[in-house]
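# Structural description and commentary
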Amino acid sequence: MTLDEAVEALRRRARRGGPESMARFGIVTAQPAMGMRVDDIRAVARAAGRDHALALQLWDAGWYETRLLACFVADPRQVTPELMDAWAGDFDNWATCDTACFDLFDRTPHALAKVRQWAADEREFVRRAAFALLASVALHVRTLPDAELRALLPLIEAADDNRNFVRKGVSWALRAIGGKRAGLHAECVAVAGRMAASAGPAKRWVGKDALRDLQRPLVLKRLGL
């Protein structure tokens, strides 16, 4: 599939009023948008298959939808740390950020290094990417030892960023680790408890949000606790 063919395939699936409806989900981007459901973008991705060269062209095309499609067709084996930094620097909304982390970056060997690097970045959606990527790794990489995730819990506990999309990313990471790993559940609950008692408003919000989720009966049953 060529770039022109991919863009045309996306346009055929665009929905009237789509760009305006994105705002209802908190997706505000400076990029032009066609207005599409993610399922429709995934359908185009299935037709295109893995095509890293196409992914690079799609990202540079600069549309909201072409960038999501780029995340679906890019080859994780060809994703370099430099590419991750370049794409993260372009993030300006949670949906593009989370799609890149959840469907591509977590499949690379550079994921945990980027978590550590981006957690210290001041840019809103780069910092969110640190925690969205950590959540994605916790949810998807079953072979990762608990010790490697445990080592990253201090990054979560140290996070005190009151920007909405950042604090939601921090909570997601803590809930993903504690809700997926039985061996780390108690430690995540302890982290959430300390954050909930913190003087920092962002930490308190994260702690309370994570505690509510981690202590749900459904989560405890799933973990066998």
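Up top is the structure.
Residues numbered from 1 in each chain as written. Predicted model: local features only at pLDDT ≥ 70, side-chain atom pairs only at ≥ 80, totals over all residues. Heavy atoms only, no water.

Under the defined criterion, the tally for this structure stands at 17 salt bridges. Two residues, Arg67 and Asp90, come together in a salt bridge whose shortest N-O distance is 3.7 Å. Note that Arg67 is positioned in helix α5 (residues 64–73) and Asp90 in helix α6 (residues 81–90), a separation of 23 residues in sequence. Glu187 is paired through a salt bridge with Arg150; the nearest N and O atoms lie 2.9 Å apart. Of this pair, Glu187 sits in helix α13 (residues 182–196) while Arg150 is found in helix α10 (residues 146–150), placing the two residues 37 residues apart along the sequence. Judged by relative accessible area, which is 30%, Glu187 ranks as partly exposed. According to the relative accessible area criterion, Arg150 is partly exposed, its value standing at 35%. Residues joined by salt bridges that share partners form a network here, namely Glu122, Arg127, Asp161 and Arg163. (Salt bridge = Lys/Arg side-chain N within 4 Å of Asp/Glu carboxyl O. Helix = DSSP H or I, 4+ residues; strand = E, 2+ residues; numbered from the N terminus. Buried < 20%, exposed > 50% of the residue type's maximum accessible area, 1.4 Å probe, protein only.)

Our next topic: α13. The terminal C-alpha atoms of α13 lie 21 Å apart, and with 15 residues this matches the ideal 21 Å at 1.5 Å per residue to within 8%. For α13, every residue scored as buried is listed here: Leu184, His185, Cys188, Val189, Val191, Ala192, Met195 and Ala196. Angular distribution of buried residues about the axis of α13 spans 165°; they occupy a single face of the element. Buried residues along α13 sit in contact with α10, α11 (153–158), α12 (164–180), α14 (201–214) and α15 (217–223). (Expected span 1.5 Å × (residues − 1). Arc of directions from axis to C-beta. Contact = heavy atoms within 4.5 Å.)

For any two aromatic rings, the description comes down to two numbers: the centre-to-centre distance and the angle of the planes. Overall, the coordinates contain six aromatic pairs when judged by the stated rule. Relative to Phe91, the ring of Trp59 lies with its centre 6.3 Å away and its plane at 65°, an arrangement referred to as edge-to-face. A residue pair is termed long-range when its members are at least 10 positions apart, and Trp59 in helix α4 (residues 52–61) and Phe91 in the loop between α6 and α7 (94–103) qualify at 32 residues. Accessibility classification places Trp59 together with Phe91 in one group, the buried group. For the pair Phe125 and Phe165, a centre-to-centre distance of 5.6 Å together with 35° between the ring planes defines the contact as tilted. Remark: Phe165 occurs in helix α12 and Phe125 occurs in helix α9 (residues 124–140); sequence separation between them is 40 residues. For Phe125, a relative accessible area of 11% gives the class buried. Counting every residue linked through ring pairs, the aromatic cluster contains Trp59, Trp87, Phe91, Phe105 and Trp118. The ring of Trp63 has Arg11 lying over it, and the distance from NZ or CZ to the ring centre is 5.0 Å. The cationic tip of Arg167 hangs over the ring face of Trp205; the distance from NZ or CZ to the ring centre is 4.5 Å. (Phe/Tyr/Trp six-rings, centres within 6.5 Å; stacked < 30°, edge-to-face > 60°. Lys NZ or Arg CZ within 6 Å of the ring centre and 35° of its normal.)

Don't take any of this as a statement about function, it's just geometry.
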